[in-house]
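A structural walkthrough
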Amino acid sequence: MKTIALADTSAPHAAHLPHVVIIGGGASGVLLAAHLLRDPATPLRVTVIEGRHMLGCGVAYSTSDPGHLLNTRVANMSAFPDDPDHFRRWLGARGDDATGACFVGRATYGAYMTDLLAPLSADGRLRCLRATCTRLVTTRVGVAAHLDDGQVIPADRAVLATGHVLPEPDPEGLVHGAWQEAAPPPQGGRVVIIGSGLSMVDQAISLLSHGHRGEIVALSRRAQLPRVHAAGAPLPISRAEVPLGAPMSFALSWLRDLAARAEAQGGTWRDAVDGVRPHLSALWRAMPVDDRARFLRHAAPWWEVHRHRLPPESAATLQRALDSGQMRQLAGSFDGASRDGAILRAHCARAGPIAS
Ligand SMILES: Cc1cc2nc3c(=O)[nH]c(=O)nc-3n(C[C@H](O)[C@H](O)[C@H](O)COP(=O)(O)OP(=O)(O)OC[C@H]3O[C@@H](n4cnc5c(N)ncnc54)[C@H](O)[C@@H]3O)c2cc1C
């Protein structure tokens, strides 16, 4: 993984300009800084405060496993919506043979995020500090970010881009977190992975690529796997046709009708899901609160597996392991883990049959 040293706090910073402090230098923080400073004439300076040693990577893009792919095509991952080819050009410039339709490694995307800031540091409008912000207070003239190294950074505005909260490690050390440092890869024996979404796929792919020979069991309540990406184009959907404020049941039947429309036009349900995407936050905000709760209880798991899809390469690796019997899915809910001598046991309340 490529890293850049975070700039020294003593680097000249254009002190006369209005100042934005961004707390969190994952993809959101870096993209915001890049957008704010993209035009060299914008009279603004930005400080990015990031607690980790990598900029732009956060949880998602700091993996070093080349088998962990973006779940979005190159063509849809440009940092700049008005320059959709930006990421593909960046890949080409470093000699990667990537088309817009392919899925590249997430570590590569982290390097792209890091590179976005490199040209912006030259004119003194950007500085990046490696520190953790422990407190943010409003002052008479703006805000002040208090850092764990004792510095206080005054600014006119602050943006919280602190992203995902990592789960606390299991105090008993029985369950290894998916986003912790990689566990030593077991070569034999059974590994139980709790969950069956994209992070489960990452873990399974890492195990398989490290030569794991034992069984892999993916345990989840419904034993559903993320669906696979396929070629297609989002269905054009105008804001006027979106049933804002409708109950969940109506919104779901509207979505099913859209999928039927996409299929009638020679596409797939994916075109409907992708077509709805730009309207999701408006749809969610307008949905009655009781219906939102109902959605989370009943429909969210189904929505998730259709919305967050697998690159075909990852799906093929998984399918080979399922077909060979090395991997299986188990429907049930995880009920805790225990140690029995040298054996770890995952306890599960069965909720249904083993998925085939
Ligand atoms: C495993 C995984 C895979 C994903 N894959 C994709 C994908 O393929 N395509 C896609 O579009 N999206 C993907 N996502 C979604 C992805 O999370 C977002 O696209 C994006 O990375 C979120 O970035 P973020 O900056 O909001 O959060 P984060 O990536 O979590 O970054 C937040 C940053 O803030 C820092 N921070 C937090 N608190 C402080 C503090 N107090 N002081 C200083 N620094 C602090 C953290 O160290 C971290 O670096 C994935 C997510 C995960 C978890």
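Anything mentioned here points back to the structure above.
Conventions and cut-offs
Residues numbered from 1 in each chain as written. Predicted model: local features only at pLDDT ≥ 70, side-chain atom pairs only at ≥ 80, totals over all residues. Heavy atoms only, no water. Salt bridge = Lys/Arg side-chain N within 4 Å of Asp/Glu carboxyl O. Buried < 20%, exposed > 50% of the residue type's maximum accessible area, 1.4 Å probe, protein only. Helix = DSSP H or I, 4+ residues; strand = E, 2+ residues; numbered from the N terminus. Contact = heavy atoms within 4.5 Å. Disulfide = S-S within 2.5 Å. Patch = residues over 30% accessible without salt bridge, like charges linked within 9 Å, V, L, I, M, F, W, Y side chains within 5 Å. Areas by Shrake-Rupley, 256 points an atom, 1.4 Å probe, with all protein chains shown as cover. Phe/Tyr/Trp six-rings, centres within 6.5 Å; stacked < 30°, edge-to-face > 60°. Lys NZ or Arg CZ within 6 Å of the ring centre and 35° of its normal.

**Topic: the pattern of salt bridges**
The tally for this structure, following the rule as stated, stands at 12 salt bridges. Here R125 ties to D123 by a salt bridge, and the two come within 2.8 Å at their closest N and O atoms. On the accessibility criterion, R125 (6% relative accessible area) is buried. For R261, the salt bridge goes to E241, with nearest N and O atoms at 2.9 Å. Of this pair, R261 sits in helix α5 (residues 248-264) while E241 is found in the loop between β9 (216-220) and α5, placing the two residues 20 residues apart along the sequence. The exposure class assigned to E241 is partly exposed, which follows from its relative accessible area of 28%. Among the charged side chains, a network of salt bridges with common partners joins R190, E215 and R328.

**Here we look at the environment of V159**
Following the sequence through the fold, V159 ends up in strand β7 (residues 157-160). For the pair V159 and A107, spaced 52 residues apart in the sequence, the C-alpha separation amounts to 25 Å. Among all residues touching V159, those that are not within four sequence positions of it are V20, V21, I22, I23 and L32.

**A word on the state of the cysteines**
The final tally for this structure, using the stated rule, is 0 disulfides. Not engaged in a disulfide, the cysteine C102 finds its nearest cysteine sulfur in C57; these two sulfurs lie 19 Å apart. Here C128 stays unpaired: no disulfide links it, and the sulfur of C57, its closest cysteine neighbor, is 12 Å away. With a relative accessible area of 4%, C128 lands in the buried category.

**Let's talk about a nonpolar patch on the surface**
On the surface, V175, V192, I194 and F334 cluster together to form a nonpolar patch covering roughly 270 Å² of accessible area. Here V175 shows up in the loop between β7 and β8 (191-194). Taking relative accessible area as the criterion, V175 reaches 31% and is therefore assigned partly exposed.

**Some details on the packing of aromatic side chains**
What characterises a pair of aromatic rings is the spacing of the ring centres plus the angle enclosed by the ring planes. In this structure the tally under the stated criterion is 7 aromatic pairs. Seen from their ring centres, Y61 and Y109 are 5.0 Å apart, and the 65 degrees between their planes marks the pair as edge-to-face. Of the two residues, Y61 sits in the loop between β2 (45-50) and α2 (86-93) while Y109 sits in helix α3 (residues 106-117), which places them 48 residues apart along the sequence. Between F87 and Y112, the ring centres sit 4.5 Å apart and the planes meet at 40 degrees, which makes this aromatic pair tilted. Here the residue F87 occupies a position in helix α2, and Y112 occupies one in helix α3, the gap between them amounting to 25 residues. You'll find F87 and Y112 in the same group, each marked buried. Above the ring of F80, the side-chain terminus of R38 is found at 4.0 Å from the ring centroid.

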